[in-house]
Amino acid sequence: MAFWPSIVVATPAHSGVGATLTYRSELSLAPGALVRVPLGSREVLGVVWDCPDAPPEGLTEARTKAVAGVLEGLPALNGCWRQLVKFSAQYYQRSLGEVALAALPPQLRELDSTQLARRLKRRAKAAAGVPPTAPEALQGHDLSAEQAEALQALAAATAPVLLYGATGSGKTEVYLRATQAVLETAAPENEAPTQVLVMVPEINLTPQLEARFRERFEPAFGIGSVVCLHSGMTPAQRLTSWLAAHTGSARIVLGTRMAVFASLPGLRLIVVDEEHDPSYKSQEGARYSARDLAVYRAKVESEALANAPHPSPLPPAGEGERPRCQVLLGSATPSLESWHAADQGRYLRLEMPGRIGGGALPRLRLVDMNHQPKGAVLAPPLVAAMGERIARGEQCLVLLNRRGYAPVLACHDCGWKSGCPHCSAYRVFHKLDRTLRCHHCGFTERVPRACPDCGNLDIAPVGRGTEQIEEQLAGLLVDVKRPDGQPARVARMDADSTRLKGSLEQQLEALHSGEVDVLVGTQMIAKGHDFRRITLVAGINADSALFASDYRAPERLFALLMQAAGRAGRDAAQSGASEMWIQTWYPQHPLFVTLKKHDYPAFAAEQLTEREQAGMPPYGFQALLRADARTQQAAQAFLNIAAEQAAGLPHRDDITLYPAVPLTIQRVANVERAQMLVETHSRGALQRFLSAWQPVLHACRSAPEAKGLVRWAVDVDPLSI
Ligand code: ADP
Ligand code: ZN
Ligand code: ZN
C-alpha cells in the first residue's frame, strides 16, 4: 500500500508554488510529522500536512518523488500548531511554506536523522541529570490586595485578559503566580506536561525578568524547565530550546515575538508582557503581530482542549476550571486595540492602579523652553534638580530618542549637509569614533576635515544626540559631588554602547549598583527595568513626535513617556519626591495635560474617539502594499497597476485604495520605496479582497511599467504609515 502525503516545504513568499507538494511514502505519516524530502536537486525539511492513501487526481506514481526520511524520535507538530501556522499564512498573505518553515529552528533544516538522534539523546540525558533541588521552594512575595484580586479574576476568566497595571504595580509577580498555578496543574496521563509561554518585547533589555523566572521555578522544576527563544541566540541554542519545548521537558518558554510559534504541546497560558510594544509586530517576511497571534493561539488551544476526549470523567467544574489555554496581556499603557477590545467586553480588563508599597507615580514637570536661555539644550533648572538628586545619592535618567552626537553635520558657508549618497537621509555624526554613519543603510565614512563642497574648515554639528548630551551633562555636573565625595558619573546606553555582547547587562548593572549617577539613553532605558534609586527622569526632546504625520505617533509618545516616568520612584520610600521632567516648546499641548494626571484611560478615550471619527483602526482595517524598485517611478507604477487590476475583485467596492506615495524616507541603500494604503470598515472584506488580489499582484510584477521592481509585500494591520 502506498500513501500520498501532502507536505509543506520552504517556498519563497511569492513563488506561486501551491501550498503543499505531494510525495509518495510506503508508510502512513502522521500530520505534523517532520520529514526530509527531495526538492529540485536538494533534500529539504518538510512538514506533513495530510496523508491520504490515494493520489490526488491527475498525479501518477511516476510523477511523484518519495519521501526521503522521517526525523525519528521527534513527535509530530500538533494540530494547534498547524492551525496557527495556517492562519498566520492566510491572514498575513504569505505562503504556507514560508511561515511554517520560518517557525521552525533554522538548524532543524540541516540535521539528518542520525545527528538529530544524537542531539535528542544528549538532551534527554541532560534533562534527567538535574532534578529539582528544592521542590517546595516556590517562594514569592506576599501578594498585594490588588495582585490577589487580579489573580482570582484571572483564574475565573474565559476571555483574553488585559492586565492594566501601573508601572511598579507588580505585574511580574502576577505572571509568576499565574505560571505557577499552571505548572502545578497535573496534566492528564499520557499528555504533555503543562506549559507556559511568556513573551517580552526584547529579551536582552530585561535580563531581570528572565532572572526572576529562573529563580522562582528552577529550584522546584529543575534546571532546563525554563528556556529562552529569541534571535540573539546561536542556531544551536535555539534548536536546544525548541526541542525542550517541543518534547515537553521545558515548562516555561520565555521569548520574543518569534516564540509565539514555538511548539508547545502542553500550552495552558500565554503571557504577553508590555503588550503595547511595537516590536511584537514583525517588519520582515510575514509581517505578523505576535500579540494578536497569541490571542488567536490561546483560542485555538482552548478549543482543542475542550474537544479532547478525557480519560477520566471531569469533576463537575465551573467555567474557569475547564482545561483551557489563557492569554494574559499586560501593560501600564495598553495598545488602543486591546483597550478598545476591553471596552467592548471582548477582553476582560483587570486593573492594578497602585504601586507596590503604596508609592506615588512621579510628578510631571513641564519645562517651557520658550523661557530658557537662548541655545540651552538642557534647561538650567533641570540641571540644578539633577545636581541635588545626585548629592543626595539618588539617580537620574535622561531620555533622548536619537543616538550619535548630532543628526547632521553642516557647512554654514555653502549649505553642505552630511547626506547619505545611498539614502534620502542624513548621516549621523558620531564624535567618539569621528564617523558619519547612515542609520538606514549603514554607510560609514570618517568625518571630513573640511567641507567636501567648498573646503570651509568650519563644519559644525546641527541638533543633538545621546553622545552630545552625555558630554554636556558631564560638563554641567562637573562640580556636583555624590554623598561619598566622589564626582558625579554620567554614562550612556543606546544601540551603539550596547553593541558588544554582555555590554548591556554591564551597563544596567552599573546603574543598579550605584556606580553610575546619570544614565543618558534612547528608549531602551525606559523599558521594563526595575530600578530602585531613580528619582528623576527627564525627556529632553519629545516635541518632534507631537506633530508627526503618523496617526499612531501620539499613542507611542504617550506610552514612551509614561513608561519612562515609571522607572522613577519605584522604591516607595523615595517615591514622594520623584519627578518626570519634560522639556517642551508646547507646554499647553493636550497630550501633556493628560500625561500630567497619569490618566491613560482619558488619553485612550480621546484617541479612540478621534480614530472612530476618522474610521481608523481599531474601527477601520488597513493594509499597506509596499513596493521597492530601482526608480520611484517603477515602484509607484507597480502600485498603480495593481490598483487598476483590482477592479472587479470581491469587495472592491468596500475598499479604499489610496494613491501611491513615496515613503517618508524615500530611498534606502539605493532602492526607491513607495506604498499604497488599503482601507476598509470590515476585517472580513479586507481579508477576502487581499486573498483575491494576491495572484493579481504576482502578475503585475511583470508589467513593463514596473520594470526595475525589486520586491513587493503586503503588510496587514501595519503599525506605521
Ligand atoms: P511592573 O512590571 O508592574 O512595573 P514589577 O513587577 O517590576 O512592576 O514590580 C515592581 C517591584 O515590586 C519589584 O521589585 C517586585 O519585586 C516588587 N514586588 C512585586 N510584588 C510584590 C509584593 N507583593 N510584595 C512586595 N514586593 C513586590
Ligand atoms: Zn561648504
Ligand atoms: Zn544610507
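Refer to the structure printed above.
Asker: So what about the site of ligand 1? Which residues, and what values?
Answerer: Among the 18 residues in the neighbourhood of ligand 1, the closest are listed as Asp-142, Gln-147, Gly-168, Thr-172 and Asp-530. Between Gly-170 and ligand 1, the recorded distance is 3.1 Å, taken from a backbone N or O atom to an oxygen atom. Take Arg-532: an N or O atom from its side chain is 3.2 Å from an oxygen atom of ligand 1. For ligand 1, the accessible surface in isolation is 570 Å², of which the surrounding protein chains cover 83%. With three residues, helix H5 (residues 171-183) is the single largest residue contributor to the shell around ligand 1. Of the residues contributing to the shell around ligand 1, the split by class is three nonpolar, eight polar and seven charged. Per-domain counts for the shell around ligand 1 show at least three residues from each of domain 2 (137-356) and domain 3 (359-403 + 465-612).

Asker: Lay out empty space enclosed by the protein in plain terms, naming residues and giving numbers.
Answerer: Going through the model one piece at a time under the given rule, you end up with two cavities of 30 Å³ or more. As for the largest cavity, its lining consists of Ala-166, Thr-167, Ala-332, Leu-361, Pro-362, Met-562, Ala-565, Gly-566 and His-598. Looking at the lining of the largest cavity, you find at least three residues from each of domain 2 (137-356) and domain 3 (359-403 + 465-612). Taken together, Pro-362, Leu-364, Leu-561, Met-562, Ala-565, Met-580, Leu-595 and His-598 form the lining of the second largest cavity. For the lining of the second largest cavity, the leading source of residues is helix H14 (residues 553-565), giving three residues. A per-class count over the lining of the second largest cavity returns seven nonpolar, one polar and no charged.

Asker: Give me the coordination of the zinc ion (ligand 3): which residues, what numbers.
Answerer: For the zinc ion (ligand 3), the full set of protein donor atoms is Cys-420 (SG), Cys-423 (SG), Cys-438 (SG) and Cys-441 (SG), and the range of their distances to it is 2.3 Å. Geometry at the zinc ion (ligand 3) is tetrahedral, judged from its four donor atoms and the angles of 106 to 112 degrees they form at the metal. We note that the donor set of the zinc ion (ligand 3) lies within a single chain, spaced as C-x2-C-x14-C-x2-C. Note that Cys-423 is positioned in the loop between strand E15 (408-411) and strand E16 (428-430) and Cys-438 in the loop between strand E17 (435-437) and strand E18 (444-446), a separation of 15 residues in sequence. Cys-438 matches Cys-423 in its accessibility class, with the two residues each being buried.

Cut-offs and rules
Residues numbered from 1 in each chain as written. Chains lettered and ligands numbered in written order. Predicted model: local features only at pLDDT ≥ 70, side-chain atom pairs only at ≥ 80, totals over all residues. Heavy atoms only, no water. Near = heavy atom within 4 Å. Polar contact = N/O pair within 3.5 Å; in protein donor to acceptor, adjacent residues only side chain to side chain. Areas by Shrake-Rupley, 256 points an atom, 1.4 Å probe, with all protein chains shown as cover. Helix = DSSP H or I, 4+ residues; strand = E, 2+ residues; numbered from the N terminus. Nonpolar A, V, L, I, M, F, W, Y, C, P; charged D, E, K, R; others polar. Domains from an automatic or database assignment. 1 Å grid on protein atoms, 1.4 Å probe; cavity = no way out; pocket = protein on both sides within 12 Å on 5 of 7 lines; lining within 4 Å. Points joined across faces, edges and corners; volume = space filled by probe spheres on them. Donors = N, O, S within 2.8 Å, 3.2 Å for Na, K, Ca; no water. Tetrahedral: all angles 85-135°; square planar, octahedral: opposite > 155°, others 65-115°. Buried < 20%, exposed > 50% of the residue type's maximum accessible area, 1.4 Å probe, protein only.

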